[in-house]
Amino acid sequence: MANFRFIHAADIHLGSFLHIDGIEAHSKLQELSRAATYRAFDKICQVAVRSNAKFILIAGDLYDKEARSVHANRYFVDSCKKLQREKIQVLIIAGNHDPIKEHGEIFELPENVYIFRSDIPEMIMVKDE
């Protein structure tokens, strides 16, 4: 059996705003906290590409239900398309904050993305090409 690498991540909460006390007066800090979840996901994707990972497993809370936005969903889809070009799969287990388990995605997901069902056990094969 061949060795392969993957990334396990959780609680990304794309689109959520990091709350920092006293931030109202500091516009630079506001912008950094607005972009933090996107920057973190960018770093995850960069590590996946650099390390030649076969897949990224997102184990819950890709989004934050209250903060989900069209922008966050579009960003995620675009990021997954970049990963698809690198032949990296994205596997998602919905968490308690994820609207994906209730409403589906706003934009069509690329073929490299798989969302596990919550009502039955599932298994997928990861091929080493």
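Sequence order as written defines residue numbering, which begins from 1 separately in each chain. In keeping with the model being predicted, local features are shown solely for residues with a pLDDT of at least 70 and side-chain atom pairs are shown and tallied solely at 80 or more, while totals for entire chains, interfaces and linings include all residues. With hydrogens and water set aside, each side-chain value is computed from the structure's full complement of heavy atoms.

**Looking at the nonpolar core**
Part 1 of the reasoning: The set of buried Ala, Val, Leu, Ile, Met, Phe, Trp, Tyr and Cys residues whose side-chain atoms join them within 4.5 Å is what this entry labels a nonpolar core. Each residue's exposure class comes from its accessible area (1.4 Å probe, protein chains only) as a fraction of the maximum for that residue type: buried when under 20%, exposed when over 50%, partly exposed otherwise. In terms of nonpolar packing, the biggest core is built from 23 residues, with L14, F41 and F76 touching the most fellow members.
Part 2 of the reasoning: Counting from the N terminus, the helices are the DSSP runs of H or I reaching at least four residues and the strands are the DSSP runs of E reaching at least two. Looking at this core, the elements with two or more residues in it are β1 (6-9), α1 (27-50), β2 (55-59), α2 (70-85) and β3 (89-93).
Part 3 of the reasoning: By definition, residues are in contact when any of their heavy atoms lie within 4.5 Å. Apart from residues no more than four positions distant in its own chain, L14 is found in contact with T37, Y38, F41, L62, Y63, D64, A72, Y75 and F76.

**Focus on the pattern of salt bridges**
Part 1 of the reasoning: Salt bridges are identified by distance alone: a Lys or Arg side-chain nitrogen within 4 Å of an Asp or Glu carboxyl oxygen. Inspection of every chain in the model, using the stated rule, returns 2 salt bridges.
Part 2 of the reasoning: Residues D78 and R74 are paired through a salt bridge, measuring 3.2 Å at the closest nitrogen-oxygen approach. In this pair, D78 and R74 are both assigned in helix α2, 4 residues apart and thus about one turn of the helix distant.
Part 3 of the reasoning: Since its relative accessible area comes to 28%, R74 is described here as partly exposed.
Part 4 of the reasoning: We note a salt bridge from D119 to R117, for which the minimum N-O separation is 2.6 Å.
Part 5 of the reasoning: Here D119 falls in the exposed class, since its relative accessible area comes to 53%.
Part 6 of the reasoning: Judged by its relative accessible area of 46%, R117 falls in the partly exposed class.

**Structural notes on α2**
Part 1 of the reasoning: For α2, which comprises 16 residues, the first-to-last C-alpha distance of 23 Å matches the rise-based estimate of 22 Å (1.5 Å per residue) to within 8%.
Part 2 of the reasoning: For α2, the set of buried residues is A72, N73, Y75, F76, V77, S79, C80 and L83.
Part 3 of the reasoning: Within two residues after α2, K87 carries a phi angle of roughly 65°, on the positive side. Helix span is expected to be 1.5 Å times the residue number reduced by one.

**Looking at the packing of aromatic side chains**
Part 1 of the reasoning: Two rings from Phe, Tyr or Trp (for Trp, the six-membered ring) form a pair when their centres sit within 6.5 Å of each other. Planes less than 30 degrees apart are called stacked, planes more than 60 degrees apart edge-to-face, and all others tilted. Under the criterion given, the structure shown has 8 aromatic pairs.
Part 2 of the reasoning: Measuring from ring centre to ring centre gives 6.4 Å for F4 and F6, while their planes differ by 45°; the resulting arrangement is tilted.
Part 3 of the reasoning: Using a relative accessible area of 38% as the deciding quantity, one classes F4 as partly exposed.
Part 4 of the reasoning: Ring centres of F41 and F76 lie 5.8 Å apart, and the angle between their planes is 50°; this geometry places the pair in the tilted category. With F41 in helix α1 and F76 in helix α2, the pair connects residues that are 35 residues apart, well separated along the chain.
Part 5 of the reasoning: By relative accessible area, which is 0% here, F76 ends up buried.
Part 6 of the reasoning: Among the aromatic residues, those joined into a ring-pair cluster are Y38, F41, Y63, Y75 and F76.

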